Amino acid sequence: MDHGPAVELGQDHASDIKARLGLVLFVIYGLVYAGFVVINTLSPKTMSETIVLGLNLAVVYGFGLIVLAIIMGLVYNAVCTRYEKQLNTGETDSA
Amino acid sequence: MIYDASPIAVGLFVMFVLFVLGISFYFARRTKDSKGYFAAGGNIHWSVNGIAFAGDYLSAASFLGIAGMIATVGYDGFLYSIGYLAGWIVALFVVAEPLRRLGKYTFSDALDAKFNSKGIQLTAGISTLVVSICYLIPQMVGAGALVTPLLGLPHYVGVIMVGAIVIFIVATAGMASTTYVQFLKGGLLIVFSSILVILVLNNGFALKPSDDYHDFEAIGATVDENGTVVALAHNPYVITTQEQAGDHTFVKLTAEGVETWWNLDTDDSGEPVLRETLAIVKTGDGKTLYNGAPKEDELFYQVGHFHKIIVDGKEVESVKGLNPAEFLSIIEDSEIVRFKQETFSSGDEDVTLWYQTITPGEKIMRPGLKFKVDEGSTTSSKLNFISLMLALFFGTSALPHILIRYYTVPSQTAARKSTIVAIAAIGFFYILTLFMGLGAMVNGVLDVESSNMSAPLLAQYFGTALFAIISAIAFATVLGTVSGLIVASSGAVVHDLMSSFGGIKLSDSAQVRAGKIAAVVVGGFAILLGIYFKGENVSFLVGLAFAVAASANLPAILMLLFWKKTTSKGIAASVLVGMVSALVLIMLSPTMYEHYSTDATAPFPLDNPGIVSIPLSFITLVIVSLLTQKRENLPTAE
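Everything numeric here is computed off the predicted structure, so don't read it as measured data.

Examining the overall build of chain B
Link 1 in the chain: Helices and strands together make up the secondary structure of chain B, namely 23 helices and 14 strands.
Link 2 in the chain: The buried share among the 638 residues of chain B stands at 62%.
Link 3 in the chain: Residue pairs at least 24 apart in sequence account for 75% of intrachain contacts in chain B once pairs closer than 6 positions are excluded.
Link 4 in the chain: Counting every atom, chain B has about 22,100 Å² of accessible surface; 59% of that belongs to carbon and sulfur.

Following this line, the structure appears as structure tokens:
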């Protein structure tokens, strides 16, 4: 049985650095998410504190987690694309 | 409540289904080999794949379940949105590119890429099947729930319809048609949900949500020293009987031959009052009465309204044209009437009723109404909450129908970009769920019997056309997700279990044929489960599927990628222990014990097993890998 990929991919010299960057960003987001779960669990009333525009911490933190995911995704993509261009010159991987 | 089939809804639904079948025919002609069937040829554009990801992910649980949960318990429902979205971070930063690099058609390919191990092929294949089936159950239940209001048909007809259409789609064209159906559905869902939220914001709030909204009565009552209601402030009601259920006293009143149930409460000045409830009574002679009358009399109302609307510290009757921040802050400052369920027996009658409970907006806009992390919390209830949030965070990147979508794009870069498109689309949609859910909570549209219908019923508030479109999209939501799950399942059966593990040599066309047969079998099985689990909570079931996926699959993926000492036996043992422990703990959980109709205490105190089964799976992988280092002596993860 062939266990290779569906499409033959070229060598990706940027894969290691992308993996490390991904791990760092994952840990950062994981800590922010864990903070959210900890406050909800240990001090749910804190979530009622008004933060901005009449919105409480629960809404601001919740929306913040969603927006942060989008922003971190865009940053990750921009940095990865730059590394791919730098390190994969002449390679065919990055479609 | 009574649902009448709308001709517009039926017409739109039929048009949509025909369009989907058209797409299937079109792609069936182009699908010639197994690569085309299982991975859409690996040449889907990343932007299309990203929206298709959103289509896969925004299943019945997201659209129907979350909006419904927010409509009944406020912010606690939104926690699901946050957890579901956060899970994509794991997918993007850790899983997307390596998985695309290692795999071919299935999740097992990626796990097995370095080892070619029978143990991995078997356990990963079974795990894919089990998780897919766990995830299929709520989708099919959701399909049945939707068809009743949409087409006026019974639950089982809806389940069979979805099953039959999906089997046809999958058995004809596989992943290509599934991708385009998901792309179409994901895009439409986001566009029309946005329109719905704009209408909700523009409509604002009113104490009486609509002209035909039922005026819930409150009757002054005299209560004696024993707590018995002995007199009413006005006629025509006659006190018939009184029952105690939980902390509440319910009184049956009769007027003009119609019996209704009332909740003994106090008014703003502390005087006793009886407040009207919604009650379903199964009588001793087998009749079912809705607020004392047959269902056709339509006395069982849609509900959800404000008790007080506070704007800038002042009480108002209505307010229009709100921006998103005003919408949320007014709800937080105001008081809302929610309807809570209670069941009890009275003589030879079984009574299920929903009584009014005035809830401060401040409690609705923070955690605590569903997840017991605040008043009445215990260590178990807090651990249960943490366990759920853990499963949601780690479950997304371990769902088979999400994982296989990484193989439909041509490169690792495309896998990454499509994940970012998915995060943006899904994140935006999840923000909308808060407005849709809260909008349904206060606009008098809730069907207390089925919170899953909150979003479509909110759309109905703004007209039949929007209801028809939203319902058709919701149905397509189920259709698309079920298609993806069945493709994942048939891939696991044919590719992982038959070819890789069983060593059955099949030609390329035979693999496709076997995949189609597997799709029919899995689809048939899903139909049976969808009928059997009628009435189960959709979001609860999906939460469990996430826990099984996170426990069985994620530790293996992560450790393969990032721990050099990982061995094939470690992976196989981790998948097996994660899957079995998650399933067993679910079976021993308090909610499942309620379903068993037993008085026994559940041996496992949590409803969600993730906090135990995920670490257990990790530990198993580490221990077994360390024990099998010398024997395997294989090159390991990079």
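Some remarks on the confidence of the model for chain A
Note: predicted coordinates in regions of low pLDDT should not be interpreted at a detailed level.
Residues and elements named next belong to chain A.
Link 1 in the chain: When pLDDT is averaged along chain A, the result is 80; 82% of the residues meet or exceed 70.
Link 2 in the chain: Of all helices and strands in chain A, the one with the weakest mean pLDDT is strand 1 (residues 50–52) (86), whereas strand 2 (residues 55–56) scores best (90).
Link 3 in the chain: pLDDT under 50 marks residues 1–8. Its contacts with residues more than four places away, or in other chains, come to 26 contacts.
Link 4 in the chain: Confidence drops under a pLDDT of 50 for residues 91–95, and excluding neighbours within four residues, the segment shows 16 contacts in the predicted structure.

Thoughts on the pairing of strand 13 (residues 335–346) of chain B
Residues and elements named next belong to chain B.
Link 1 in the chain: Where strand 10 (residues 305–311) lies against strand 13, three bridges are found, and the strand directions are antiparallel. Residue pairing for strand 13: His-305 is matched across the bridge by Val-337.
Link 2 in the chain: Pairing of strand 13 with strand 14 (residues 349–360), which is carried by 12 bridges, proceeds in the antiparallel orientation. Pairing of Ile-336 across the sheet is with Thr-359, part of strand 14.
Link 3 in the chain: Here strand 13 folds back onto strand 14, and the loop between the two strands holds two residues, one of which, Gly-347, carries a positive phi near 60 degrees.

Let's talk about the packing of aromatic side chains
The geometry of an aromatic ring pair is captured by the separation of the ring centres together with the interplanar angle, meaning the angle of the planes.
Link 1 in the chain: Per the stated rule, a full pass over the model turns up 28 aromatic pairs over all chains.
Link 2 in the chain: Centre to centre, the rings of B:Tyr290 and B:Phe300 are 5.3 Å apart; their planes meet at 80 degrees, and the pair counts as edge-to-face. In this pair, B:Tyr290 sits in strand 9 (residues 288–290) while B:Phe300 sits in the loop between strand 9 and strand 10, placing the two residues 10 residues apart along the sequence. In this structure, B:Tyr290 and B:Phe300 share a single accessibility class: buried.
Link 3 in the chain: Among the aromatic side chains, those forming a connected cluster through ring pairs are B:Tyr80, B:Tyr84, B:Tyr135, B:Phe371, B:Phe385, B:Phe429, B:Tyr430 and B:Phe546.
Link 4 in the chain: If you follow A:Arg82 out to its NZ or CZ, it ends over the ring of A:Tyr83, 5.6 Å from the centre.

Concerning the pairing of strand 5 (residues 248–255) of chain B
Residue and element names in this part refer to chain B.
Link 1 in the chain: Most of strand 5 sits inside the fold, with seven of its eight residues counted as buried.
Link 2 in the chain: Pairing analysis gives seven bridges linking strand 4 (residues 238–245) to strand 5, with the strands arranged antiparallel. Following the sheet pairing, Thr-241 is matched in strand 5 by Lys-252.
Link 3 in the chain: The hairpin formed by strand 4 and strand 5 contains two residues between the paired strands, and Gly-246 there has a positive phi angle of roughly 60 degrees.

Structural notes on the environment of B:Asn323
All names here are of chain B.
Link 1 in the chain: With respect to the element layout, Asn-323 can be found in the loop between strand 12 (318–319) and helix 10 (324–333).
Link 2 in the chain: Along the backbone, Asn-323 and Ile-198 are 125 residues apart, and their C-alpha atoms lie at a distance of 9.2 Å.
Link 3 in the chain: A distance of 2.7 Å separates a polar atom in the side chain of Asn-323 from the backbone nitrogen of Glu-326.

Some remarks on the interface of chain B and chain A
Link 1 in the chain: Tallying the contact residues gives 61 residues for chain B and 50 residues for chain A.
Link 2 in the chain: Around 4,800 Å² of area is buried between chain B and chain A when both sides are counted, 67% of it from carbon and sulfur atoms.
Link 3 in the chain: Residue A:Glu84 is joined to B:Arg416 by a salt bridge in which the shortest nitrogen-to-oxygen separation is 2.7 Å.
Link 4 in the chain: At the boundary of chain B and chain A, one finds 10 residue pairs in polar contact (both at pLDDT 80 or more).
Link 5 in the chain: For the side of chain B that touches chain A, the element with the most residues is helix 5 (residues 75–102) of chain B, which contributes 16 residues.
Link 6 in the chain: A per-class count over the side of chain B that touches chain A returns 32 nonpolar, 15 polar and 14 charged.

A few points about the environment of B:Gly119
Residue and element names in this part refer to chain B.
Link 1 in the chain: Of note, Gly-119 is situated in helix 7 (residues 118–151).
Link 2 in the chain: By relative accessible area, which is 30% here, Gly-119 ends up partly exposed.
Link 3 in the chain: Separated by 457 residues in the primary sequence, Gly-119 and Leu-576 place their C-alpha atoms 9.8 Å from one another.

Brief notes about the sheet that holds strand 6 (residues 258–266) of chain B
Residue and element names in this part refer to chain B.
Link 1 in the chain: With respect to topology, six strands assemble into an open sheet ordered 3-2-7-6-5-4, the strand pairing being antiparallel. Looking along the sheet, the strands with just one partner apiece sit at the ends: strand 3 (229–232) and strand 4. When strand polarity is set aside, the average angle formed by the axes of neighbouring strands in this sheet is 40 degrees.
Link 2 in the chain: Here strand 6 pairs with strand 7 (residues 272–276) via five bridges, running antiparallel. Its bridge partner lying in strand 7, Thr-266 is registered against Pro-272.

How each quantity is defined
Numbering of residues starts from 1 in every chain and runs along the sequence as written. To label them, take the chains in the order written and letter them from A, then take the ligands in the order written and number them from 1. In keeping with the model being predicted, local features are shown solely for residues with a pLDDT of at least 70 and side-chain atom pairs are shown and tallied solely at 80 or more, while totals for entire chains, interfaces and linings include all residues. Side-chain metrics in this entry use all non-hydrogen atoms of the structure; hydrogen atoms and water are not considered. Under the scheme used here, helices are H or I runs from DSSP no shorter than 4 residues and strands are E runs no shorter than 2 residues, and both carry numbers assigned from the N terminus. Relative accessibility under 20% of the residue-type maximum defines a buried residue, over 50% an exposed one, and the middle range a partly exposed one, all with a 1.4 Å probe and only protein chains included. The contact rule is simple, with two residues in contact once any of their heavy atoms fall within 4.5 Å. Where accessible areas are quoted, they stem from the Shrake-Rupley method and a 1.4 Å probe; at the residue level, only the protein chains shown are allowed to cover. Per-residue confidence from the prediction method is given by pLDDT, with values spanning 0 to 100. A strand pair is defined by DSSP finding two or more bridges across the two strands. Put simply, two rings from Phe, Tyr or Trp (the six-membered ring, in Trp's case) pair if the centres are within 6.5 Å, and we call them stacked under 30 degrees between planes, edge-to-face over 60, tilted for the rest. In our convention, an over-ring charge means Lys NZ or Arg CZ found within 6 Å of a ring centre and within 35 degrees of that ring's normal. Definition of a polar contact: a pair of N or O atoms within 3.5 Å, with one able to donate and the other able to accept a hydrogen when the atoms are protein atoms, and with sequence-neighbouring residues admitted only if both atoms are side-chain atoms. By buried area we mean how much accessible surface two parts lose on assembly, using a 1.4 Å probe and totalling the loss over both. Should a side-chain nitrogen of Lys or Arg be within 4 Å of a carboxyl oxygen of Asp or Glu, the pair is scored as a salt bridge. When residue character is reported, Ala, Val, Leu, Ile, Met, Phe, Trp, Tyr, Cys and Pro are called nonpolar, Asp, Glu, Lys and Arg charged, and the others, Gly included, polar. Fitted lines through C-alpha atoms give the axes, limited to the stretch in contact for helices. The angle between two N-to-C directions lies from 0 to 180 degrees.

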